[in-house]
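# Commentary on secondary and tertiary structure
Here is how the chains run, residue by residue.
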Amino acid sequence: MNKNIIQEIRELVSTTEREKARMEFNGYPNEEEIRRLRMTIESGIILAQKRLVDKARKDGFTLIACPNGKVIEINPANIVF
């Protein structure tokens, strides 16, 4: 059975933690908080991509991408960050 992302998050976060977060919620984030959150998420994505490319280089496998719906194979040696 496929779970949606909300179900998976609920399983990862305890009931006590969810309730604490709910009690601390003071409203919607402002523009600065949203900007910082986006930057944090984007930094995490870039770090994960770098680690994947480093692992591919180390282990000698290629990467698969799907730009514009076309599946392509990429040599990790050609990727520059």
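Quantities reported herein were computed from a predicted structural model and do not represent experimental measurements. Each chain carries its own residue numbering, running from 1 in the written order of its sequence. It should be noted that, the model being predicted, local features are given only for residues of pLDDT at least 70 and side-chain atom pairs only at 80 or more, the latter also being counted only at that level, while totals for whole chains, interfaces and linings use all residues. Side-chain numbers here rest on the full set of heavy atoms in the structure, without hydrogens or water.

Let us now look at the overall build of the protein. What the protein contains, in helices and strands, is 3 helices and 2 strands. Only DSSP runs of H or I with at least four residues qualify as helices, and only runs of E with at least two residues qualify as strands; both kinds are numbered from the N terminus onward. Along the protein, helices and strands appear, N-terminal first, in the series α-α-α-β-β. Buried, partly exposed and exposed residues are distinguished by accessible area as a fraction of the type maximum, computed with a 1.4 Å probe on protein chains only: under 20%, between the cut-offs, and over 50%, respectively. Here the protein holds 81 residues, and the buried ones make up 5% of them. Whether two residues touch is decided by their heavy atoms; if any such pair falls within 4.5 Å, the residues are in contact. The contacts of the protein with a sequence gap of at least 6 include a subset with a gap of at least 24, amounting to 16%. Total accessible area on the protein stands at roughly 7600 Å², and carbon and sulfur atoms take up 57% of it. Note that His is not counted, nor are the chain ends; the positive residues are Lys and Arg, and the negative ones are Asp and Glu. In this description, the location of a charge corresponds to atom NZ of lysine, CZ of arginine, CG of aspartate or CD of glutamate. Positive and negative side-chain charges in the protein, numbering 14 and 12 respectively, have mean positions lying 3 Å apart. Per-residue accessibility takes into account occlusion by the displayed protein chains alone, with areas from the Shrake-Rupley method and a 1.4 Å probe.

So, about the pattern of salt bridges. Salt-bridge detection follows one rule: a side-chain nitrogen of Lys or Arg within 4 Å of a carboxyl oxygen of Asp or Glu. As enumerated under the stated definition, the model contains 4 salt bridges in all. Close ionic contact of Arg 35 with Glu 32 constitutes a salt bridge, the shortest N to O distance being 2.6 Å. Of this pair, Arg 35 and Glu 32 both sit in helix 3 (residues 31-59), 3 residues apart, which is roughly one turn of that helix. Here Glu 32 falls in the partly exposed class, since its relative accessible area comes to 36%. For the salt bridge of Asp 59 with Lys 55, the shortest nitrogen-to-oxygen distance reads 2.7 Å.

Right, let's get into the confidence of the model for the protein. Per-residue confidence for the protein averages 85 on the pLDDT scale, and 93% of its residues sit at or above 70. A residue's pLDDT is the predictor's confidence in that residue, given on a scale from 0 to 100. Within the protein, the element-level pLDDT minimum falls on helix 1 (residues 5-12), averaging 70, and the maximum on strand 2 (residues 72-74), averaging 95.

What follows covers helix 3. Between the first and last C-alpha of helix 3 there are 42 Å, a value that for 29 residues agrees with the 42 Å anticipated at 1.5 Å per step. Under the rule applied, a polar contact is a pair of N or O atoms within 3.5 Å (in protein, one hydrogen donor and one hydrogen acceptor; residues adjacent in sequence only if both atoms are side-chain atoms). N-cap assignment for helix 3: the residue whose side-chain oxygen lies 3.0 Å from the backbone N of Glu 32 is Asn 30. To estimate how far a helix should reach, multiply one less than its number of residues by 1.5 Å.

Right, let's talk about unusual backbone geometry for a bit. Residue Asn 68 is not a glycine yet carries a positive backbone phi of 55°. Looking at where Asn 68 falls in the secondary structure, it is placed in the loop between strand 1 (63-65) and strand 2. Judged by its relative accessible area of 85%, Asn 68 is exposed.

A few words on the environment of Ile 34. If you trace the backbone, Ile 34 turns up in helix 3. Taking the relative accessible area as the measure of exposure, Ile 34 reaches 25% and is therefore partly exposed. C-alpha of Ile 34 to C-alpha of Asn 75: the two residues are 41 residues apart in sequence and 35 Å apart in space.

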